[in-house]
Amino acid sequence: MAFFLAHFPSRLPPNSVGENLALFNDSNRFNAAGDDRIVAVEFDAYPNSWDHSDNHIGIDVNNINSSAYTNVTKRLVSDDAVMTAEISYDNRTGVLIARLRIDDDEPYMMNTSVDMKADLPHEVAIGFAASTGLCSELHQVMSWSFSSTLDDATVATSSTSPPRRLVRVLVPSVVVAFLVLLCAIVVVLVRRRRIWEKLDDSDDEKREQAEFERGIGPRRYRYRELAAATKDFAEEGKLGRGGFGNVYRGSLSDQDRPVAIKMLSAESSAQGRKEFESEVKIISRLRHRNLVHLLGWSDSRKGLLLVYELVPEGSLDRYIYNTDRLLTWSER
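What you see is a predicted model, and the numbers here were worked out from it, not measured in a lab.

Visitor: How should the UniProt feature "binding site: ATP" (unreviewed entry) in the protein be read in this particular structure?
Guide: Under the UniProt annotation, the feature "binding site: ATP" (unreviewed entry) is placed at K262. Its location among the elements puts K262 in strand β14 (residues 259-264).

Here it is, written out as structure tokens:
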């Protein structure tokens, strides 16, 4: 595996499998130029003809043959090793430093001179790359971070002193990882999850609509049933007027007690059937001893109506704001 800085946007070179680390290919691995320029820190556990050992870390500057390297005594492909890598670059000195700690052992360290301006394209991407030949490996990045101490304000106001850039990357790893592939998998899973959520929402909406049409929950009444129950909404049966319409006392054959039938005003009815259905669904799910229970509804062309249980004692505010009589503690 390797941590790299390369052309933005990053791309997978053709024929970059095996010893090419998914960063180079046979035509540029010893002399990368132009947009192929790359700086990388490799964690290599396989000996190729140009490698210094079969277990080392190295710094590659436009060349897969590391310009600096150090051999590692503990195997980089150990199943239970936890590795922490720190890579830093100081723009004042032009030195790139790589440190690797495996478990609690003493860290391995190496450094080399790198001219980021000359050795890299103008815009770069950072990331991880990995490849294998005939063998397979399982890699896992546990966490990583990137930070820079470059002060944009200092660069803009000072033309005499060169800006200082310190780049530090922490890569604790069980072995190695292909982060680009990991990010792609995460993006695919997120997109699929959003699609599944949309499908679930669509199914729920269709199911609720079917239940609404079949009359599951509060009963759907015909307009003429409610008109007969209130004697054509006679004025003498009017209980009062609320913010959304008049309320009438009624008697229905399927109810063993009187009901309150609210005829929504023209302004409220103008909201449309869909909004009305949504309100009915929400109200029908409310269950509390201090809330009036919704028994049914009607949505004929002559108007939108709601059927509630009748509360003969009236509304609570009638007692709360009554200055003639205060509620006792037990009544409250």
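Visitor: Would you explain the sheet that holds strand β2 (residues 38-44) in this entry?
Guide: Sheet strands associate in pairs through backbone hydrogen bonding, adopting either a parallel or an antiparallel arrangement. Taken in spatial order, the five strands make up an open sheet running β4-β3-β2-β1-β8, and their pairing is antiparallel. Of all the strands in the sheet, just β4 (68-71) and β8 (124-129) have a single pairing partner and so form its edges. With strand direction ignored, the average angle separating the axes of adjacent strands in the sheet is 15 degrees. Alignment of β2 against strand β3 (residues 56-61), held across six bridges, turns out to be antiparallel. In the strand pairing of β3, A40 is matched with D60.

Visitor: Please explain the pairing of strand β15 (residues 294-300) as it appears in this structure.
Guide: Every other side chain in a regular strand lies on the same face of the sheet, so the side chains alternate between the two faces. Across the seven residues of β15, six count as buried, placing the element largely inside the fold. Bridge count between strand β11 (residues 219-220) and β15: two bridges; the pairing is parallel. Residue pairing for β15: R220 is matched across the bridge by W297. Here β15 pairs with strand β16 (residues 303-309) via six bridges, running antiparallel. Opposite W297, over in β16, you have L306 as the bridge partner. Remark: two residues form the turn of the hairpin made by β15 and β16, two consecutive strands paired antiparallel.

Visitor: How should I be thinking about the pattern of salt bridges in this particular structure?
Guide: When the charged atoms of two side chains lie near each other, side chains of opposite charge can form a pair. Evaluation of the coordinates by the stated rule reveals eight salt bridges. For the salt bridge of R99 with E86, the shortest nitrogen-to-oxygen distance reads 3.7 Å. One end of the pair, R99, is in strand β6 (residues 95-102); the other, E86, is in strand β5 (residues 83-90), with 13 residues separating them in the sequence. Of the residues examined, R99 reaches a relative accessible area of 30% and is grouped as partly exposed. Note on E86: relative accessible area 22%, which makes it partly exposed. One continuous salt-bridge network, built from bridges that share partners, spans E19, D26 and R29.

Visitor: I keep staring at unusual backbone geometry and nothing clicks. Help me out?
Guide: Backbone torsion omega between F8 and P9 reads -5 degrees, so that peptide bond is classified as cis. The topology assignment puts P9 in the loop between β1 (2-7) and β2. A positive phi angle, close to 55 degrees, is found at N15, a residue other than glycine. Looking at the secondary structure, you find N15 in the loop between β1 and β2. Of note in this structure, N62 is not a glycine but carries a positive phi near 55 degrees. With respect to the helices and strands, the residue N62 is situated in the loop between β3 and β4.

Reading the values: rules and limits
- Residues numbered from 1 in each chain as written.
- Predicted model: local features only at pLDDT ≥ 70, side-chain atom pairs only at ≥ 80, totals over all residues.
- Heavy atoms only, no water.
- UniProt positions renumbered as here; feature names shortened; annotations may be inferred.
- Helix = DSSP H or I, 4+ residues; strand = E, 2+ residues; numbered from the N terminus.
- Pairing = 2+ DSSP bridges.
- Axes fitted to C-alpha atoms, helices over the stretch in contact; angles between N-to-C directions.
- Buried < 20%, exposed > 50% of the residue type's maximum accessible area, 1.4 Å probe, protein only.
- Salt bridge = Lys/Arg side-chain N within 4 Å of Asp/Glu carboxyl O.

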